[in-house]
Structures are given as structure tokens and as C-alpha cells.
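Close look at the chain arrangement
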Amino acid sequence: MSEPRRLSIGIRDSTFGDDCVVAECVNVYEATFGDRCFVGPFVEVQNDVVCGTNVRIQSHTLVCEGMRIGDDVFIGHGVMTANSRYPQAGAADWTCEPPVVGDRVSIGSNATILPGVTIGDDAVIGSGAVVSRDVAAGAIVVGTNRVLEKPEPA
């Protein structure tokens, strides 16, 4: 039996704007954050991710390689993102298709955002939703991309 190669957790080769907060037990590498961002515990933010200002990423969330996240975005607990339509273990060549999240988007806990999806500005993704195709600006998505009408202000 041999010893495995151990990877350490932490923050590596990333940049942060002013007033950012990062909890313990994170894995953040080669990512860029604007001002006033929050990264909760047990979050992984992979390489080449760019977050705008005032982005809040709650615990147990995976932000996959290459994602772009706009300003004033809330990402709830346990949100999963994917960037490969056909992942293969050990594949040297693969196509990275990261999701893109617009400004002022709210993503509920345990939502799953699939590869290549663009979420428009001011959209709301409900808890547990599976987002498999683009979401229009201002749309509300629950379930599996079931779009609801956004209520008019009272």
C-alpha cells in the first residue's frame, strides 16, 4: 500500500477586493473577487472564477471552474454548479462550459446549475431547482426550469 498524494485546503493564488470575508474550511484557488464578498465554510471556488462586488456564497457550495458571477448576487447553501456536459474521469481534453450568473441574482439553497447556462439579471432561482437552460432576466425559476411570472410590486 502506498500513501496518497494529499491536497491541502485553503486559499491559493486568488485576489480579493476590499472588505471580503472568507470562512474557515474553504478551498478557493485562482479566483478573483470584487469588494464586499462573503465565502462561507465548506465552499469550493475553482480556478478562473470571477465574482463581482457584494457576492455572498453560503456554505457547502461548489462554484465550478470558469464561472462569471455578477454584482449583488446571493448563492444559497449547497448550490452545485457544473461545467462539463460529458465528464469523463481522467480525460485530458474536455470542453469547459461554465454557467454565467448576471447581476442581482438570487439562487436558493440546493439548486443545481448545469453547464453552459446563463442566468439573466434580477432572476430568482428557487431552492432545489435544476437549471438546465438559460433563464431570462427577471424570471423566477422553480423545479426543473419551470418559469413563473414575476409578481408586480404592491
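A brief report on the enclosed structure follows. Please read these numbers as outputs of a predicted model, since none were measured by experiment. The residue numbers shown here count from 1 along each chain, following its written sequence. With pLDDT at 70 or above as the cut-off, local features in this predicted model cover only qualifying residues; side-chain atom pairs require 80 or more to be listed or tallied, and sums for whole chains, interfaces and linings still use all residues. Hydrogens and waters are ignored; side-chain quantities use all the structure's heavy atoms.

Quick notes on the overall build of the chain
Summing up its helical and strand segments, the chain has 0 helices and 20 strands in all. For this measure, only C-alpha atoms enter the radius of gyration; the expected value for a globule follows 2.2 Å times N^0.38, where N is the number of residues. Rg of the C-alpha trace for the chain: 16 Å, near the compact-globule value of 15 Å for 154 residues, within the 12% margin. Reported as C-alpha extents along the three principal axes, the dimensions of the chain are approximately 65 × 40 × 20 Å. Only protein chains enter the accessibility calculation, which uses a 1.4 Å probe; a residue whose area is less than 20% of its type maximum is buried, one above 50% is exposed, and one in between is partly exposed. For the chain, buried positions account for 38% of its 154 residues. For the purpose of counting charges, residues Lys and Arg are taken to be positive, whereas Asp and Glu are taken to be negative. His and the chain ends are not included. For charged residues, the charge sits on one atom: NZ in Lys, CZ in Arg, CG in Asp, CD in Glu. Mean positive and mean negative side-chain charge positions of the chain (11 and 20 charges, respectively) differ by 5 Å. Each helix corresponds to a stretch of at least 4 residues labelled H or I by DSSP, and each strand to a stretch of at least 2 residues labelled E; elements are numbered beginning at the N terminus.

Overview of the nonpolar core
Only buried residues count toward a nonpolar core, which is a set of Ala, Val, Leu, Ile, Met, Phe, Trp, Tyr and Cys residues joined through side-chain atoms within 4.5 Å. Formed by 33 residues in total, the largest nonpolar core has its most connected members in Phe-33, Val-45, Ile-57, Ile-69, Ile-107, Ile-119 and Ile-125. The contact partners of Ile-119, leaving out residues within four places of it in the chain, are Val-100, Val-101, Gly-102, Val-105, Ile-107, Ile-113, Ile-125 and Val-135. Between two residues, a contact is recorded if the distance between any of their heavy atoms is within 4.5 Å.

Side note on the side chain of Gln-46
Within the secondary structure, Gln-46 is located in the loop between β6 (44-45) and β7 (50-51). The term polar contact refers here to a pair of N or O atoms within 3.5 Å; inside protein, the definition further demands a hydrogen-donor-capable atom paired with an acceptor-capable atom, and it admits residues adjacent in sequence only when both atoms are side-chain atoms. A distance of 3.3 Å separates polar atoms of two side chains, one belonging to Gln-46 and the other to Glu-44. The residues contacting Gln-46, other than those within four sequence positions of it, are Tyr-29, Glu-30, Ala-31, Leu-62, Val-63, Cys-64 and Glu-65.

Observations regarding the environment of Cys-25
Among the structural elements, Cys-25 can be located in the loop between β2 (21-22) and β3 (27-29). In this structure, the C-alpha to C-alpha distance between Cys-25 and Pro-41, residues 16 residues apart in sequence, is 5.4 Å. Leaving out residues up to four positions away in the same chain, Cys-25 has contacts with Ile-9, Pro-41, Phe-42 and Val-43.

Focus: the environment of Gly-102
Mapped onto the fold, Gly-102 is located in the loop between β13 (100-101) and β14 (106-107). The exposure class of Gly-102 is buried, given its relative accessible area of 12%. Gly-102 sits 17 residues away from Ile-119 along the chain, and the two C-alpha atoms are 5.8 Å apart. Apart from the residues lying within four places of it in its own chain, the contact partners of Gly-102 are Gly-70, Val-73, Ile-119, Gly-120 and Asp-121.

What to know about the packing of aromatic side chains
Think of it this way: a Phe, Tyr or Trp ring, Trp meaning its six-membered ring, pairs with another when their centres are within 6.5 Å, and the plane angle makes it stacked under 30 degrees, edge-to-face over 60, tilted otherwise. All told, the structure shown has 1 aromatic pair when counted by the stated rule. Here, a charge over a ring means that NZ of Lys or CZ of Arg falls within 6 Å of the ring centre while also lying within 35 degrees of the ring normal. A cation over an aromatic ring shows up here: Arg-56 above the ring of Phe-38, its NZ or CZ 4.0 Å from the ring centre.

A short note on the side chain of Ser-84
Looking at the element boundaries, Ser-84 is found in the loop between β12 (80-81) and β13. For Ser-84, a relative accessible area of 17% gives the class buried. Look past the residues within four positions of Ser-84 in its chain and what remains in contact with it is Trp-94, Thr-95 and Pro-115.

Notes on the sheet that holds strand β16 (residues 118-119)
Should DSSP find at least two bridges between two strands, the strands are regarded as paired. Overall, parallel pairing links the 5 strands, which are arranged β4-β7-β10-β13-β16 in an open sheet. Of all the strands in the sheet, the pair left with one neighbour each is β4 (32-33) and β16. Alignment of strand β10 (residues 68-69) against β13, held across 2 bridges, turns out to be parallel. The residue of β13 that forms the bridge with Arg-68 is Val-100.

As for the state of the cysteines
The criterion for a disulfide is a pair of cysteine sulfur atoms lying within 2.5 Å. Per the stated rule, a full pass over the model turns up 0 disulfides. A disulfide-free cysteine, Cys-25 has its sulfur positioned 19 Å from the sulfur of Cys-20, the nearest such atom. Residue class for Cys-25 comes out partly exposed when judged on its relative accessible area of 39%. Cys-37 supplies the cysteine sulfur nearest to Cys-51, a cysteine that is in no disulfide, at a spacing of 5.7 Å.

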